[in-house]
Amino acid sequence: MKDYHKALKIIPKALGISPNTFSNYRNIRISEDKDIPHQKAILLEKIFGLNPGELLNAEIHYKPISQLIKEYYE
């Protein structure tokens, strides 16, 4: 908590974005369609020492390519 204000200045610079954009990222609600760009999410995971995908806030389910191809030809 003591480094919170420093982090609010340092993180946007490290991401190459404005403080306002970083604030917008922080205020995205799970129910919104907005999203942090993939490259920036990867950088945030690295900054915070997280494993790849740990910033995901929703499970993404989709069919594998083999099933999509099969359905295409049906």
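As shown above, the structure is provided for reference.
About the cut-offs
Residues numbered from 1 in each chain as written. Predicted model: local features only at pLDDT ≥ 70, side-chain atom pairs only at ≥ 80, totals over all residues. Heavy atoms only, no water. Core = buried A, V, L, I, M, F, W, Y, C linked by side-chain atoms within 4.5 Å. Buried < 20%, exposed > 50% of the residue type's maximum accessible area, 1.4 Å probe, protein only. Helix = DSSP H or I, 4+ residues; strand = E, 2+ residues; numbered from the N terminus. Contact = heavy atoms within 4.5 Å. Polar contact = N/O pair within 3.5 Å; in protein donor to acceptor, adjacent residues only side chain to side chain. Axes fitted to C-alpha atoms, helices over the stretch in contact; angles between N-to-C directions. Parallel < 35°, antiparallel > 145°, perpendicular 65-115°, else oblique. Left-handed = near helix turned anticlockwise from the far one by under 90°. Nonpolar A, V, L, I, M, F, W, Y, C, P; charged D, E, K, R; others polar. Salt bridge = Lys/Arg side-chain N within 4 Å of Asp/Glu carboxyl O.

Caption draft 1: Representation of the nonpolar core. Ranked by size, the top nonpolar core spans six residues in total: Ile-11, Leu-15, Ile-17, Phe-22, Tyr-25 and Leu-44. At the level of secondary structure, the elements contributing two or more residues to this core comprise helix 1 (4-15) and helix 2 (19-26). Beyond its immediate stretch of four places on either side in the chain, Ile-11 contacts Phe-22, Leu-44 and Phe-48.

Caption draft 2: Broad picture of the environment of Glu-45. Its location among the elements puts Glu-45 in helix 3 (residues 38-47). Linking Glu-45 and Arg-26, residues 19 residues apart in sequence, is a C-alpha distance of 14 Å. Ignoring anything within four residues of it in the chain, the contact list for Glu-45 reads Leu-50, Asn-51, Pro-52, Gly-53, Glu-54 and Leu-55. A polar contact of 3.1 Å, which involves the side chain of Glu-45, links it to the backbone nitrogen of Glu-54.

Caption draft 3: Quick peek at the packing of helix 1 against helix 3. Here helix 1 crosses helix 3 at 130°, and the two axes come no closer than 10 Å. Taken together, the axes of helix 1 and helix 3 are oblique relative to one another. Crossing angle aside, the handedness with which helix 1 passes helix 3 is right-handed. For the pair helix 1 and helix 3, the contacting residues are Ile-11, Ala-14 and Leu-15 in the first and Lys-40, Leu-43, Leu-44 and Ile-47 in the second. Class assignment of the residues belonging to the contact of helix 1 with helix 3 gives a composition of six nonpolar, no polar and one charged.

Caption draft 4: Representation of the packing of helix 1 against helix 2. Packing of helix 1 against helix 2 brings their axes to within 9 Å, and their N-to-C directions diverge by 105°. Relative to helix 2, helix 1 is oriented roughly perpendicular. The segment helix 1 lies against helix 2, with Tyr-4, Leu-8, Ile-11, Pro-12 and Leu-15 engaging Pro-19, Phe-22 and Arg-26.

Caption draft 5: Quick peek at the pattern of salt bridges. Within the structure shown, the criterion is met by two salt bridges. A salt bridge links Asp-3 to Lys-6; the nearest nitrogen and oxygen atoms lie 3.7 Å apart. A residue is classified by how much of its surface remains accessible, and Asp-3, at 41% relative accessible area, is partly exposed. Accessibility expressed as a relative area gives 51% for Lys-6, which makes it exposed. Across the pair Glu-71 and Lys-63 runs a salt bridge, and its minimum N-O distance is 3.0 Å. Residue classification places Glu-71 among the partly exposed positions, given a relative accessible area of 32%. Overall, Lys-63 belongs to the partly exposed group, its relative accessible area being 38%.

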